[in-house]
Amino acid sequence: MNENGGREEGVFTRSCYDVIVVGGGHAGCEAAHAVARLDLSTLMITLREDRIGWMSCNPAVGGVGKGHLVREIDALGGLMAQVTDWTGIQFRTLNRSRGLAVRGSRAQCDRRLYSSSMRSIIHGIPSIEVLEGLVEDVVMEGDGEERRVVGVRTEEGEEIGCRALVLTTGTFLNGVAHVGHEQIACGREGERPALTLSDSLRGLGLVLGRFKTGTTPRLDGRTIDLKGIEVQPGDEDTRPFSSRTDRASFPRLPQIPCHLTRTNRRTHEVVRKNTRHSVVSRMNESVIPTRYCPSIEEKVRRFPDREGHRVYLEPEGLDTHEVYPAGLSTSLPLDLQLEFLRTIRGLEEVEILRPGYAIEYDYLVPYQLTPTLSIRGLRGLYSAGQINGTSGYEEAAAQGLVAGINAGRWLKGENELVLGREQSYIGVLISDLTTVGTAEPYRMFTSRAEHRLLLREDNADMRLCREGWLAGLVSGEQLERVKDREARVAREVARLERTMGRPGADEPQSRGRVSLATLLRRPECSYEGTLSRDPNPDLRLSGTDADTVEAEIKYAGYISRSRRRLERLRELDNLAIPTDFDYSCVPSLSSEVREKLWKHRPSTVGQASRISGVTPAAVEVLSASVLRLARACG
Amino acid sequence: MAKASSSRIATGMEQASTIAAIATPLGAGGVCIIRVSGPRAHRVATELCPGLPAEPEMRRAYRSKFVSPLEDKAVLDDGLVLLFAAPASFTGEDIVELHGHGGVAQSRSLIDAVMSLGCEPARPGEFSRRAVLNGRMDLATAEGVAQLVAAETEAGLRAARSLLGGELSKRIEVLIGQTDSLLAQLEASLDFPDECEGMDESRWPARILSIKIETELLAGTWDGARRLRRAPRVVLLGPPNSGKSSLLNVLAGYERAIVDDEPGTTRDILEIDVSLKGLLVTLVDGAGYREDGERIELLGIERLANAAKEADLVVGVIDGSRDPAECEEAVYELFSALDCPLLMVANKLDLGLAGLESNLVRVDGSSWIETSAVTEEGVSKLCQEIVDLLNLTSPGEGRVLVTLERHHDALCRAGGALGEAGDLLEKGGSLEVVC
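What comes next concerns the included structure.

## Things to note about the nonpolar core
Counting residues in each nonpolar core, the largest one holds 105 residues, and the members touching the most others are A:I20, A:L165 and A:I426. Among the elements that make up this core, the one with the highest residue count is helix α10 (residues 393-411) of chain A (ten residues). Counting the residues that make up this core, at least three belong to each of domain 1 (12-84 + 111-210 + 361-471) and domain 3 (476-560) of chain A. In this view, A:L165 contacts A:I20, A:V22, A:V138, A:V149, A:V152, A:G380, A:L381 and A:Y382; residues no more than four positions away in its chain are not counted. Among the nonpolar cores identified, the runner-up in size contains 26 residues, and B:L251, B:L343, B:L382 and B:L390 belong to it.

Next up, the structure:
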């Protein structure tokens, strides 16, 4: 304790925790749980205990790319997949007609049950304490490179000590909600914002940006006329998100359908005429809206020719009338929200329970993060979730898990967890954030992963279980199960390669016989489709095993191509750039590229090559300079 | 000085060096231009040119004596000096051009003086390389510069100028734009399955196909553009002893091939560059076509067939004095297999012609020229026909042509990948693989 920390001697009123997690959302829960699993004491400070694990936006988990993240969280020993399995009221696989790599699992959850399940997990862990409160300040000790987190100061002026701190503040930093012309300072609907923490972070020399996102009005389901609206039931045969979920008792809850309606010209007319009343027209230019979750105002503005946009009516739970109309995020005044809603089929007499709103908030510009999610130059400080510029529960939870694991492992003096881009979507997410940054709230898609054929939902456990085990979150028993699965799949792939298929019923006997694997490689054929040609049907696998077999065989050629590309990339990734490398000594770099390199300070040429705006030519020049430097230094 | 150069080594930055080279052909030319580029370029100018004002204007020619940097300050030459300041110069660095008098010894003494002031000799293409690295031009443009300098033919010059103007880059940008927009649609349909309605997936294969065709058309100009990289190849083909070698010798103006009355004498393909009516062409002569030839001659035939593949024009030579029926079939087979312009010659006019018109004209309808290698009758007409035909098939003006191996290779690979993607889509393959 010293004066430099700006703190008086001995005011800690509580004992020191190993880790404090600020926030109890999806990132905060995963972080606290991960830390606790590493046998460290944890304090979760959240504004409202009853909002732990709350879904602030739509009551759904997963989707294309996001479902991948959820399964990866599960493979690493996180919570989200299990809680989704317990509380899901509709399970669906998106992109069923596409290949395995881009299929995404999605679940509608009961919002209240999701939160209460998460709360009971958190409360059930003895080493996690939960405190309701507002953190106003991060307390540091030391100077320069030696600055280190020692605690937080709450609104009440209480200082609580910790050895590491994970910030998962979501949209609460300086949050301002917009409904029509009204602006309300809040963290999300009905909750207070964190007004001074931003200043505290700026005081530490951190750079903050401002993002905007929005949510939809909540509807009274009793006033919706579902007659004549398309019903969208869940899939019959979906698999749980978590490999730990017992298939026999899945799904636990009764399954209910969503409904699908759409906006029309009249809807768009109302929105277009009134956009001036929306925050879209007023928002400060420097606040960047989310492109991947646009408000209806933005959809109408950006796609003037579209006749209509889909609206999914998602039930919020089993024992509530509340309905979430996905796709209608808006910040129009309440009366106009009602006016445009009532132009939509089925919603002619709808009543709004709570209005939609837009919210703008501060985020930490993510180039200040390291790949472990610690904040550069401030030891013991980690951040995860929307505060890092992402959007979405899954993205937040994935970061929370990594930040929690790494805060814990750093405290224990163990190797931190850094996942590769070729290994996981989590790796893609974090490396994009730390090397490319993001100009708008970052959402995961499959097209962000250059090794997408390798990164599938079906093999998430095979890709990451070992990492989870090494990190201390996954049991040895579970790792064994995954190894068994790997062996099973490998055996079956080998069997299909060498087993000749029986001739099809409609094919002449004389036609050359081919192996089952060759059959499976035909675009129109599936693993299921080889059943009738298989001389040993009792050897066949089912479920996720079958998916993995199919993917491994179908993608084999592409996967080996992908691996070859990976090898070449590895060469660049192995080319380390010295930390004190002087980019101004590389005169042939454009000043734009040079500025980006100074800002991101990539640790390898491979990382540099992924920074947006760094051209292939610049990469060539840079690798040449780095190599030459290495030779000169012997 | 020593300190500066050691820090250069430490950071590994050779680009900090100043390079110099004689930019004009070394010889007895009237003017010799020395170009210097790099941070020390302007220092070099002030040291060598006492006629420069203290603060010279950029891009202005100053008259000055060129003096030795040694103690004696001996006058080496009297000429013009121009300065360009970074980044507004060809290489993006400071540049100096010294225009002195030509002459080998004179040029050497001037470049030695420049080098003694801490410049390094420029490696081939290094000025352009620096321009590329400094973002002064893209690679395709730089390649255009190289080609411009090396162009042997007028059409080659046009192609180089078009590359220099960035026209190939523009064409390729358009293709990249189309591909990107299609790719964005494909990816969007994968990543936003709930939001992407109204996309007409059935049109995707056709769109891929159209980009592929454009790409291949562009790549296809490479074949036509071969002529720009080298003199056109004119291959003489025909049955043994039809007098190809004699004809080649007449065309070349001297005895080149081994000429003998015995059929099958010529065993090596002979190539010779000749100027026909002012047009530089490479004449290729080879073994006669004969089915029952000796082994050594067969080898020659095989090589010849390859040579014919590279031909811009084939001159089919037959012995016009013999009964055409004897060789008709073989000639027909050989010539009809070629897919390049063909000019038919009935040689040995001096021995009299034997009823050609009726039988042989149908070989692809080409015109016949009657020649005699002995009397040189008809040879001038043959030359004119060759030149006319080559000019007729010369790559058109104003078209964008792919003239470099690297570009052709990249376009072919792109076309192949597009083809693969299109096939996959057609066959109902998974979209995530197509992208």
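## Looking at unusual backbone geometry
Geometrically, the link from A:F250 to A:P251 is a cis peptide bond, its omega value of -10° lying close to zero. One can find A:P251 in the loop between β14 (230-232) and β15 (258-262). Cis geometry is found at the peptide bond from B:A86 to B:P87, where omega equals 0°. If you check the backbone angles, B:R59 has positive phi at about 55° while not being a glycine. Relative to the assigned elements, B:R59 resides in the loop between α2 (41-48) and β3 (62-67).

## Observations concerning a nonpolar patch on the surface
Residue and element names in this part refer to chain B. On the surface, a cluster of nonpolar side chains totalling about 270 Å² of accessible area is made up of L209, I213 and L217. With respect to the element layout, I213 can be found in helix α8 (residues 204-229). What makes I213 partly exposed here is its relative accessible area of 41%.

## Observations regarding the sheet that holds strand β4 (residues 75-84) of chain B
All names here are of chain B. Ordered in space as β3-β4-β5-β2-β1-β6, the six strands form an open sheet in which the pairing is mixed. Two strands close off the open sheet at either side, each with one partner strand: β3 and β6 (120-121). Direction of pairing for strand β1 (residues 19-22) relative to β6: parallel, over a ladder of two bridges. Each residue of the ladder has a partner; that of A20, found in β6, is P121.

## Section: the side chain of A:T435
Residue and element names in this part refer to chain A. Counting through the fold element by element, T435 comes out in helix α11 (residues 425-436). According to the relative accessible area criterion, T435 is buried, its value standing at 5%. A polar contact is formed between the side chain of T435 and the backbone oxygen of S431, at a distance of 2.5 Å. Those residues within four positions of T435 in sequence are excluded, and the remaining contacts are H600, Q607, R610 and I611.

## Some words on the sheet that holds strand β3 (residues 60-62) of chain A
Residues and elements named next belong to chain A. Read across the open sheet, the three strands follow the order β3-β5-β4; overall the sheet is antiparallel. Each having just a single partner strand, β3 and β4 (88-94) make up the two edges of the open sheet. Pairwise comparison of adjacent strand axes, ignoring direction, gives a mean angle of 20° for this sheet. Sitting on the sheet, helix α2 (residues 66-75) is in contact with β3 and β5 (104-109), with an inclination near 80° to β3. Contacts from helix α3 (residues 80-87) reach β3, β4 and β5, with the element oriented near 115° to β4.

## Observations concerning the pairing of strand β9 (residues 159-167) of chain A
Residues and elements named next belong to chain A. A large share of β9 lies buried, amounting to eight of its nine residues. With five bridges joining them, strand β1 (residues 17-22) and β9 adopt parallel strand pairing. Its bridge partner being in β9, Y17 is matched across the sheet by C162. Two successive antiparallel strands, strand β8 (residues 148-154) and β9, enclose a turn made up of four residues, where G157 displays a positive phi of approximately 90°. Of the pairings in the sheet, the one linking β9 to strand β21 (residues 381-383) comprises three bridges and is parallel in character. Pairing of L165 across the sheet is with L381, part of β21.

Criteria and thresholds
Residues numbered from 1 in each chain as written. Chains lettered and ligands numbered in written order. Predicted model: local features only at pLDDT ≥ 70, side-chain atom pairs only at ≥ 80, totals over all residues. Heavy atoms only, no water. Core = buried A, V, L, I, M, F, W, Y, C linked by side-chain atoms within 4.5 Å. Buried < 20%, exposed > 50% of the residue type's maximum accessible area, 1.4 Å probe, protein only. Helix = DSSP H or I, 4+ residues; strand = E, 2+ residues; numbered from the N terminus. Domains from an automatic or database assignment. Contact = heavy atoms within 4.5 Å. Patch = residues over 30% accessible without salt bridge, like charges linked within 9 Å, V, L, I, M, F, W, Y side chains within 5 Å. Areas by Shrake-Rupley, 256 points an atom, 1.4 Å probe, with all protein chains shown as cover. Salt bridge = Lys/Arg side-chain N within 4 Å of Asp/Glu carboxyl O. Pairing = 2+ DSSP bridges. Polar contact = N/O pair within 3.5 Å; in protein donor to acceptor, adjacent residues only side chain to side chain. Axes fitted to C-alpha atoms, helices over the stretch in contact; angles between N-to-C directions.

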